[in-house]
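Descriptive structure summary
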Amino acid sequence: MTDAVITAGHNDETEAQVAERAIDEKACGFWIYLMSDAIIFALLFATFVVTSHNTADEPGGHTLFRFPHTFAETMLLLASSATLGFASVATAARQRWRTLTWLGVTFLLGLGFVAMEVLEFYGMAVAGAGPSRSGFLSAFFTLVGTHGAHVSVGLVWIVLLGCEVGLRGLNPFVASRLYRLGLFWHFLVIVWISIFSVVYLPGIL
Amino acid sequence: MLGKLTIDALPFYSVIAMGGALITVFGVLGVVALITWLGQWRYLWTEWLTSLDHKKIGIMYVTLALIMLVRGFIDAMMMRTQQAIALGSHGYLPPDHFDQIFTSHATIMVFFVAMPFLVGLFNVVVPQQIGARDVAFPFMNSVSLWLTASGAALVMISLVIGKFSTAGWSAYPPYSEAQFSPGVGVDYWIWAILVSGVGSMLTGINFLVTIVKRRAPGMRLMLMPLFTWTALCTNILIVFAFPALIVAAALLGLDRYFGMHFFTNGDGGNIMNYLSLFWMWGHPEVYILILPAFGVYSEVVATFSGRRLFGYASLVYATAVITVLSLIVWLHHFFTMGASTDVNAFFGRAAPLIAVPTAVAIFDWLFTLYRGRVQFSVPMLFTLGFIVAFVIGGMTGVLLAVAPVDMHNTIFLVAHFHNLLIPGALFGYLAGYQYWFPKAFGFRLEEKWGRRGFWAWIVGFCLAFAPLYILGFMGMPQRLDRYYVAGWQPYLIVAEFGAICILCGIIFLAIQLAASIRDRAALAVSSGDPWNGRTLEWATASPPPAYNFAVVPHVHGIDPWWAMKQAGTAGHRPARFHDIIMPDDSSAGVVLGAMSFVFAFAMVWQIWWLAAAGGLGMFAAVLSQTFRDHAEHRILASEVEAIENRRTMAPALTPGAPT
């Protein structure tokens, strides 16, 4: 028979213990959230792939996508991934202002990416290739737009977190939030690489 | 200014719809008046609505489920009555209204009865079963609850303002597209699904982290109680499957709001994509509903047979296999929709495989009963009723997995899934409700009306659904608001009688609750362990203090509480108590829920300024919590000691009791 006992070997719970556990659990929860978000993107990718030929006699990727534009977007996002990496390095070294600077650069690069995407969407809509023209265009706008919306949320997050870093400094909670922002941002870059390969490349090549 | 909302949205079109609206409105007003008259608003707000205590959140979840069960059952009763009399006539419901009712019945039963019921049981039980003081994310837990409640409120308000969807609970396009369903009904459905779906996602993440990270020291995965195991698997399925539902509903919404072409007939749309997306969630959802019930049955069978669960490891593996298989059988929900033969063949082979692990589970419960000292308590009655009825339902499922048979989309299907979901899920939740009621409230539910309730449910269930199997063989399609085959009517009248029996079952359970509250002093469980339980949730007081465990237990085996009672250490008082840190209450969750309701309602009626306001409100509610790092308070050791001193410890078991 197994035995089990209640043993009283613990001390009072301290705020530090509670905080440490909370940070660990939030990282775990955030990974799980990212996994479910990855499924949402996977389903949008699948929807795009099966409708990629359903152009309903409207223009397809070959006529709509411009390689220089997409390439520039990609470079902006990749660069932002690197600068956010520099921000994490600065956070680890407890350098508040350097963290802020790199966060600022990341924000500008991300903003540039979103602006370019809005321009692309606007140009397509004006040219008569809006999301309501064909199944292909619906899937394109939804997949790329969902990614763009995520990046925009990331931008809001960067602003809020930047304010917090400036006001409160780099305490462990703030550092943990920067860590999760990093996860989110790098995840979005990976998704973009997939969008570049699956959505744009076949249309451009 | 008010978008599509005009005075025509009020249900003046039919007396019955008007009646439903008035009952809803007066019901809400009555509750508001009652609370005001009792002067309990402050108590309700501070002790319940803003509470982050997982036990209270669980109780609120179950309360929501029971209220919505009544609404969903009224829908069922109306459908049965219509079909019983509508031979060659219109019956008493216009077709459009009948279609709303079968849509809302299923939507409510799945999303606003079953889901909140099982999540409520998780909330009350799982943290205590794993020896934890709380869930990992208490605030997110409150958000989940209020998002679910907001979705339920959206379905309820569609009774009063506008009409609900007529497209069935699965909202198949192209019928659910704006071209064929231009009203707001499908939009109500979409937003109720999206709002509550996000709530379910958050629940999934929360409980996964709770079970992975917060188990008591020593509780390895293969020592977890079965209910916690099924909770783990269920939440894995929630995290994997709900994204598909969210995508399906969102894309349908994009078609409707922005004229996109995901699922339209022309312009490059493809309805098969919707079916795959919807059922990629929809089939795992069946197991999201059933696995928690399997967990309840496992606990109930072991406790009321007075012996350890037979084949613990095989039951765990069966649960895990069901979890995996449930993700690869979704296509059997639309064999007739025109997938290729090879695709149908693959899913036709995969689907009946699930019968294997399910049979393992059934045999494990049977062998636990075998030579046990079985007590026929109310939870046990529901469990036994389940075992018998579920086997029949499972076999009809194997029949339906045969792709070529000509029964798909007949009422045989309706009988089949009710046969799985009533005994397989609802009986489990009711058994859990009876079993853990004393845990949550400190007194048992009385037995007499409980037994009557069970017998009314099981007899009513058989009478209501056995005729539908026969009607399916006779070729009656599902969802008929009228028919012209005289031979069907006698069966439908029997089914109506069965529904009346189930009505009695619901009334008996309500009487049971009322009588138990009246006699709560006599039914009190001072020891906290009324059933001679085996798992850790019975180690806490009933009802438990906010922190559950004054001292976190160390676990060395399966059924740790039983082991403690055997070893005589169950009643031991710790040498000294310690400070405990618990989360503060927060009103942001309930505010977020209310704002999500405003937002979704405005989106349904396309009142853009109100939607923007609701969205901002949601953002503000989240923001108010985001940067709060020290939202917790300290319960001093002296307070813990005072609370624990008031508690009577369970007596240790006599040695030699069966294990």
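Residues numbered from 1 in each chain as written. Chains lettered and ligands numbered in written order. Predicted model: local features only at pLDDT ≥ 70, side-chain atom pairs only at ≥ 80, totals over all residues. Heavy atoms only, no water.

Description of the overall build of chain A
Spelled out, the test is: Put simply, DSSP H or I for four residues or longer makes a helix, DSSP E for two residues or longer makes a strand, and each gets a number counted from the N terminus. Only the C-alpha atoms count toward the radius of gyration. The rule for a globule is 2.2 Å times the residue count to the power 0.38.
The number of helices and strands found in chain A is six helices and zero strands. Secondary structure elements in chain A, listed N-terminal to C-terminal, are α-α-α-α-α-α. Scaling as 2.2 N^0.38, a compact globule of 205 residues should have a C-alpha radius of gyration of about 17 Å, whereas chain A reaches 22 Å, well beyond that. Taking the principal axes of the C-alpha coordinates as reference, chain A spans close to 75 × 55 × 25 Å.

Regarding the overall build of chain B
As a reminder, the rule being used: Whether two residues touch is decided by their heavy atoms; if any such pair falls within 4.5 Å, the residues are in contact. With residues, only the protein chains shown are counted as cover, and all accessible areas are computed by Shrake-Rupley using a 1.4 Å probe. Under the convention used here, Asp and Glu are negative, Lys and Arg are positive, and both His and the chain ends fall outside the count. Here the site of a charge means atom NZ of a Lys, CZ of an Arg, CG of an Asp or CD of a Glu.
Each helix and strand in chain B was counted, giving 19 helices and two strands. The globule rule puts the C-alpha radius of gyration for 659 residues at 26 Å, and the 25 Å found for chain B is close to it. Taken along its principal axes, the extent of the C-alpha atoms in chain B is 75 × 55 × 45 Å. Restricting to contacts in chain B with at least 6 residues of sequence separation, those with at least 24 account for 84%. Roughly 24100 Å² of accessible area belongs to chain B as shown, and the carbon and sulfur atoms make up 71% of that amount. Between the centroid of the 35 positive side chains of chain B and the centroid of its 32 negative side chains there is a distance of 10 Å.

Examining the interface of chain A and chain B
We count it as follows: Accessible area, probed at 1.4 Å, shrinks when two parts are joined; the buried area is that loss added up over both. The salt bridge definition used is simple: a Lys or Arg side-chain nitrogen within 4 Å of an Asp or Glu carboxyl oxygen. When residue character is reported, Ala, Val, Leu, Ile, Met, Phe, Trp, Tyr, Cys and Pro are called nonpolar, Asp, Glu, Lys and Arg charged, and the others, Gly included, polar.
Each partner contributes residues to the interface: chain A has 49 residues there, and chain B has 54 residues. Interface area for chain A against chain B, summed over the two sides, is near 4600 Å², with a carbon-plus-sulfur share of 65%. Inspection of the chain A/chain B interface yields three salt bridges. In this structure, Asp24(A) and Lys213(B) form a salt bridge, with 3.1 Å as the shortest nitrogen-oxygen distance. Counting only elements with at least two residues in the side of chain A that touches chain B, the list comes to helix H1 (15-51), helix H5 (135-168) and helix H6 (172-204) of chain A. When residues of the side of chain A that touches chain B are assigned to their parent elements, the largest contribution, 19 residues, is made by H1(A). Across the side of chain A that touches chain B, the residue classes tally to 22 nonpolar, 15 polar and 12 charged.

Regarding the side chain of Ser134(A)
Threshold: Throughout this description, buried means an accessible area under 20% of the type-specific maximum (1.4 Å probe, protein chains only), exposed means over 50%, and partly exposed covers the range between.
Position of Ser134(A) relative to the elements: it lies in the loop between helix H4 (96-126) and H5. For Ser134(A), a relative accessible area of 0% corresponds to the buried category.

Remarks on helix H5 (residues 138-157) of chain B
Definition in use: Given the number of residues in a helix, its expected span is that number minus one, multiplied by 1.5 Å.
With 20 residues, H5(B) ought to run about 28 Å at 1.5 Å a step, and its terminal C-alpha atoms sit 29 Å apart, in line with that. When you tally the buried positions in H5(B), you get 16 out of 20 residues, the bulk of the element.

A word on the pattern of salt bridges
Should their charged atoms come close, side chains of opposite charge can pair. Residues and elements named next belong to chain B. Following the criterion strictly, the structure yields 18 salt bridges over all chains and no others. Arg573 is the partner of Glu641 in a salt bridge, and the nearest nitrogen-oxygen pair spans 3.4 Å. Of this pair, Glu641 sits in helix H19 (residues 637-645) while Arg573 is found in the loop between helix H16 (560-567) and strand E1 (580-583), placing the two residues 68 residues apart along the sequence. Since its relative accessible area comes to 34%, Glu641 is described here as partly exposed.

Observations regarding the environment of Gly131(B)
Residue and element names in this part refer to chain B. Relative to the assigned elements, Gly131 resides in the loop between helix H4 (95-129) and H5. Looking at Gly131, the relative accessible area reads 3%, which means it is buried. Aside from chain neighbours lying at most four places away, what touches Gly131 is Ala216, Leu536, Phe549, Val552 and Pro553.

Comments concerning H16(B)
Among the eight residues that make up H16(B), six are buried, leaving the element largely enclosed by the rest of the structure. Among the residues of H16(B), those classed as buried are Pro560(B), Trp561(B), Trp562(B), Ala563(B), Met564(B) and Lys565(B).

Examining the environment of Ala515(B)
Residue and element names in this part refer to chain B. Structurally, Ala515 can be placed in helix H15 (residues 489-518). Exposure remark for Ala515: the relative accessible area of 11% places this residue in the buried category. Taking the C-alpha atoms as reference, Ala515 lies 8.6 Å from Trp449; in sequence the two are 66 residues apart.

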